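# Analysis of the macromolecular model
Next come the chains, spelled out residue by residue.
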Amino acid sequence: MTEIISHPGKPLIVHLREVARNCASIISERTFDLGIDQEVLRKLAFIQGAVHDIGKATRNFQEYIHSNGEKVSPPKHHALISAYLGKLLAEQYLKESKLSKFDQEILSKFIFTAIKRHHGNVKNFDEEMETLSEKEADLLILRDNFFEQEVQAILDELVAEVGLQYSWQDFKTYLADLEQVFIEFTDFSVDTLLETFETLSNSQKASYFYLHHLFYATLLLSDKTDVKLGNNKVSRRTDFPYQAIETFRETKGFNQPTSVINQLKNQAYYEGIAQLKHAFDPQQHLYSITLPTGLGKTITSLAIAMELRKRLDKQQARIIVTIPFTSIIDQNYTVFQEVFQYPSSDLLLKHHHMAEPRYKMQEDSLWEGDLEASKFLIETWQSEVVVTTFVQLLEGIFTNNKAKLLKYPNLMNAIIVLDEIQQINYELWELVRTAFQVLAKRYQCYFILMSATQPLIFEPEKEIQEVIPHYRQYFQYFNRTRLINRTEEEITLADFTRAVITYHERYPKKDILVILNTKETARQCFHQVIEQVSRTAAQVYFLSTWITPYERKAIIRRIKAGADLPAIIISTQLIEAGVDISVDTVFRAFAPLDAIIQAAGRANRYAEKADIASVYLYHIKELEKATNLLYGKSLMTKTRNVLRGKKTINESHYLALIQAYYQEVRKDSDNYQSKELAYLCQLKFADLGKFNLIDYRKTESLFVQLDAKAKDVWTQYEAIYRDPKRSIFEKREAFALIKSIFYDYVINIPVPYDQEHINFDSEAELHFYVSRLDRPSRFYSYDPTDFRSNTGYQPSTTITL
């Protein structure tokens, strides 16, 4: 007869063997504290891999795959019937374990759902248990349509590796009474699960959520690894260059500082390393780094993570550095490249939606031409150091999505750095706290939360340990900026702008940063400034997401490089966190206190200015409604309360101010009822899978041909997507090669709530509106020779958020 295969050219038994052993290897290479013997976990993982595709040994599926999909005799699906066998084998194995009856039951059901959904996204657990009868007719056909002799041979070989024997006839007997099978699953969901979960804490419930995902993601990763990489699997971890960061610092002269601020950077760096060496406790999984802006947290956090990795030794912890904004990722990744001397991708990787999809190796070019393999290696975080986004991390642990979960096994045992942690909204604190504590204690993850405005997600000294033992002294030492509070009285945007212009006239050599809370008010301010400030007096720049990333990067480079004329920068809050610029003075529209302190971090950043930098805070009438919508009225009230009665606040008092603010915010967090946490604790996988870190709003995309390079990359894009010979997958693969350049010229514009589309003077083509180099749109303002003309997209109706 025809050979039983899983994929073209791949015998089914070979695929099952390789996936099973890879599943077992993933578990055995990691450390857990789940109250379940590691060998039990390993063998359960092996079992799910060994039978996950056993349903392909039907005449239906073999006819389909041998005909290259031309012959289809329904049903050809294979995962569901494979899942029943996996569940029975898990039950048989677990009978000999010391686990409770409930744990035996739920683990076997977890193996069932992992196999059932290894080609799709898992649904809510109760739905997975209670809707099985919908496929009764298919099961009856498939049950009697196997190549039984071949299946028994597969079982005889593979399940013996976990000390089991199993007869295929026993499986057929089990499926003979499907009504009883369905009742068994429903009763577990409706009775056993609910009754047991009522007695558990949120932490215990969350532990089961992530235990399910451990099996599910392990199977997903193992299966995809065999399919995507075949015999070219990444078989070993690269050696970690622990000395790289000291070599880098010596080369840069950081270990021999001359300025006062560099001396403080050096002191904080070595204090952190010494503290970790002296007081490291493997049971302490949550750490914070709290330092003022400009004190080298990027390098210090990497060094702390590397020292922590060294302390953990056998755990071989990956270092995952997460950052809220892609612009800061590119900035930090460039620094890390220099630290590690421009290494291959197995050591250092950048992963976000616009990153180049090439996994580069120094030894050979194995993955250079294979974009699918490269994409897989990138998205599964196979590297020693991964630089990525909050979105990738948080949407990877609060999900049911099989693609997002592929990275999950490589998060286990990892050291995870969250830079600018204050960017996580307080409504998510309880969810994050519960998840991180479970991932820390049960899955041996280590977290480093970093900020100049450290929020109270965890209770200091009880739940989280500060790495810099004398961090308060660094805040008390600095006197680079002072906050001047002028929010007691409300003023108009026009008066606010006049205050900026008057200040410039009084101090004509000072660089000024103006931060407003909406794009429209920022542009109005910008236009008023350029009308009244002559070209010979200052360079005036507009920064918002209404101008392309290409323009924003060019402006930041220009500001950092300096010029003969002072700079006046009119920006939205996109410039606040992590953007490495330093001005003389900041004018800030009223905002939550953490945003205000972050804004202050853009002034006199390196104590290089002759005078203390003033940060003026104003309450602008036109922004009242928009600000409350953007940040939430509660945070604005708390900020107002903390600042009440304070006219001038020196930088040395910022820490006390921010701590008082977060004490109030924590009360709101504790009282907030998180529906996402409820989903997590109820195993509502699909409901939690709707989680988005960034609130969704309908947008449309505009591609702006700013220059010849932009025109060329658009021409390439057109050629790719208008090519009738390419499949959609080939088009996506080709586009992936140019997308990092392509998206430098793209902005996403919110569609007004009362409109179907954005305002533009031509129809969208290939999913983008286009402003052409030879026919610029009147809706986009750009002049390569004049930054005063560059305000980007021009809506004819006001978008206030």
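Because the structure is predicted, anything quoted here is derived from the model rather than measured.

Before going further, it helps to examine the overall build of the protein. Along the protein, the regular secondary structure elements total 33 helices and 21 strands. Here the C-alpha coordinates of the protein stretch approximately 90 × 60 × 50 Å along the principal axes. Looking at charge distribution, the protein has the averaged site of its 95 positive side-chain charges lying 4 Å from that of its 104 negative ones.

Bringing the layout of surface pockets into the picture now. In this model, the second largest pocket occupies a volume close to 1,100 Å³. Looking at the second largest pocket, it is lined by 32 residues, and the ones nearest its centre are Glu-372, Lys-375, Phe-376, Glu-379 and Ala-403. Elements with a minimum of two residues in the lining of the second largest pocket: α11 (202–229), α16 (371–379), α17 (390–397), α18 (402–405) and α32 (728–736). A breakdown of the residues in the lining of the second largest pocket according to their chemical character gives 14 nonpolar, five polar and 13 charged.

It is worth spelling out the packing of aromatic side chains at this point. By the definition in use, this model includes 55 aromatic pairs. Judged by centre distance (5.6 Å) and plane angle (75°), the rings of Phe-110 and Phe-125 are edge-to-face. Taken together, the positions of Phe-110 in helix α5 (residues 101–116) and Phe-125 in helix α6 (residues 125–130) put the pair 15 residues apart, joining distant regions of the chain. The exposure class of Phe-125 is buried, given its relative accessible area of 0%. Between the aromatic rings of Trp-714 and Phe-768, the centroid separation amounts to 6.2 Å while the plane-to-plane angle is 85°, which identifies the pairing as edge-to-face. Placement of Trp-714 in helix α31 (residues 708–721) and of Phe-768 in the loop between β18 (746–750) and β19 (769–771) is noted, with a sequence separation of 54 residues between them. Using a relative accessible area of 6% as the deciding quantity, one classes Phe-768 as buried.

Let us now look at helix α20 (residues 429–443). Look at α20: 20 Å from first C-alpha to last across 15 residues, which is about the 21 Å you get at 1.5 Å a residue. The element α20 is extensively covered by neighbouring structure, given that 11 of its 15 residues are classed as buried. Listed as buried for α20 are Trp-429, Leu-431, Val-432, Arg-433, Thr-434, Ala-435, Phe-436, Val-438, Leu-439, Ala-440 and Tyr-443. Positive phi shows up at Gln-444, right after α20, with a value of about 55°.

With that settled, the discussion passes to unusual backbone geometry. Backbone torsion omega between Pro-74 and Pro-75 reads -5°, so that peptide bond is classified as cis. With respect to the helices and strands, Pro-75 occurs in the loop between α3 (59–66) and α4 (79–94). With a phi close to 60°, Gln-341 is a non-glycine residue in the positive phi region. You can see Gln-341 is positioned in the loop between α15 (326–339) and β5 (348–351). Overall, the relative accessible area of 58% leaves Gln-341 in the exposed class.

With that settled, the discussion passes to the sheet that holds β19. Reading across from one edge, β18-β17-β19 is the order of the three strands in this open sheet, with mixed pairing throughout. The open sheet has two edge strands, β18 and β19, and neither has a second partner. Taken pair by pair, the neighbouring strands of this sheet meet at an average axis angle of 30°, ignoring direction. Where strand β17 (residues 699–704) and β18 come together, five bridges link them in antiparallel fashion. The residue bridging Phe-703 from the neighbouring strand is Val-746, located in β18.

Counted residue by residue, strand β13 (residues 567–571) has five buried out of five residues, so it is predominantly covered. Sheet topology places strand β12 (residues 539–543) next to β13; five bridges connect them, and they run parallel. Each bridged residue has a counterpart across the sheet, and for Tyr-541 the counterpart in β13 is Ile-569. For the handedness criterion, the β-α-β arrangement of β12, helix α24 (residues 549–561) and β13 is classed as right-handed.

The subject of this paragraph is the nonpolar core. Residues Tyr-84, Tyr-210, Leu-211, Tyr-443 and Leu-516 are the most contacted members of the largest nonpolar core, which totals 274 residues. Examining the composition of this core, we find that 13 residues originate from one element, α11, more than from any other. With residues up to four places along the chain from it excluded, the contact list for Tyr-84 reads Phe-112, Leu-132, Leu-139, Phe-171, Tyr-174, Leu-175, Val-181, Phe-182 and Phe-185.

Let us look at the side chain of Thr-585. If you trace the backbone, Thr-585 turns up in strand β14 (residues 585–589). At 2.7 Å, the side chain of Thr-585 forms a polar contact with the side chain of Tyr-503.

Now for the packing of α31 against α32. It is at 9 Å that the axes of α31 and α32 come closest, and there the two elements cross at 165°. Classified by the interaxial angle, the pair formed by α31 and α32 is roughly antiparallel. For the element pair α31 and α32, the recorded crossing hand is right-handed. Residues Tyr-717, Ile-720 and Tyr-721 of α31 lie in contact with α32, whose contacting residues are Ile-728, Lys-731, Arg-732, Ala-734 and Phe-735. Of the residues contributing to the contact of α31 with α32, the split by class is six nonpolar, no polar and two charged.

Turning next to empty space enclosed by the protein. For the structure on display, the rule yields two cavities of 30 Å³ or more. Counted as a void, the largest cavity has a volume near 110 Å³. As for the largest cavity, its lining consists of 13 residues, of which Thr-293, Arg-480, Ile-597, Glu-651 and Tyr-654 are closest to the centre. Partitioning the lining of the largest cavity into residue classes produces seven nonpolar, three polar and three charged. The space that makes up the second largest cavity amounts to roughly 80 Å³. The wall of the second largest cavity is formed by Asn-517, Ala-589, Phe-590, Tyr-618, His-619, Ile-620, Leu-623, Glu-624, Thr-627, Asn-628, Met-636 and Arg-640. Among the secondary structure elements, those contributing two or more residues to the lining of the second largest cavity are β15 (613–620), α26 (624–631) and α27 (633–643). The residue inventory of the lining of the second largest cavity, partitioned by class, reads six nonpolar, four polar and two charged.

Adjacent strands of a sheet pair through backbone hydrogen bonds, lying either parallel or antiparallel. One open sheet holds the seven strands; their spatial order is β5-β6-β4-β7-β8-β3-β9, and the pairing between them is parallel. This sheet does not close on itself; its edge strands, each paired only once, are β5 and β9 (465–466). Sheet topology note: the strand β7 (residues 415–419)/strand β8 (residues 446–451) ladder contains five bridges and is parallel. Note that in β8 the partner of Asp-419 across the bridge is Met-450.

What counts and how
- Residues numbered from 1 in each chain as written.
- Predicted model: local features only at pLDDT ≥ 70, side-chain atom pairs only at ≥ 80, totals over all residues.
- Heavy atoms only, no water.
- Helix = DSSP H or I, 4+ residues; strand = E, 2+ residues; numbered from the N terminus.
- Lys, Arg positive; Asp, Glu negative; His and termini not counted.
- Charge placed at Lys NZ, Arg CZ, Asp CG, Glu CD.
- 1 Å grid on protein atoms, 1.4 Å probe; cavity = no way out; pocket = protein on both sides within 12 Å on 5 of 7 lines; lining within 4 Å.
- Points joined across faces, edges and corners; volume = space filled by probe spheres on them.
- Nonpolar A, V, L, I, M, F, W, Y, C, P; charged D, E, K, R; others polar.
- Phe/Tyr/Trp six-rings, centres within 6.5 Å; stacked < 30°, edge-to-face > 60°.
- Buried < 20%, exposed > 50% of the residue type's maximum accessible area, 1.4 Å probe, protein only.
- Expected span 1.5 Å × (residues − 1).
- Pairing = 2+ DSSP bridges.
- Axes fitted to C-alpha atoms, helices over the stretch in contact; angles between N-to-C directions.
- Right-handed = clockwise from strand over helix to strand, strands pointing away.
- Core = buried A, V, L, I, M, F, W, Y, C linked by side-chain atoms within 4.5 Å.
- Contact = heavy atoms within 4.5 Å.
- Polar contact = N/O pair within 3.5 Å; in protein donor to acceptor, adjacent residues only side chain to side chain.
- Parallel < 35°, antiparallel > 145°, perpendicular 65-115°, else oblique.
- Left-handed = near helix turned anticlockwise from the far one by under 90°.

Read these as layout, nothing more, since geometry by itself doesn't imply function.
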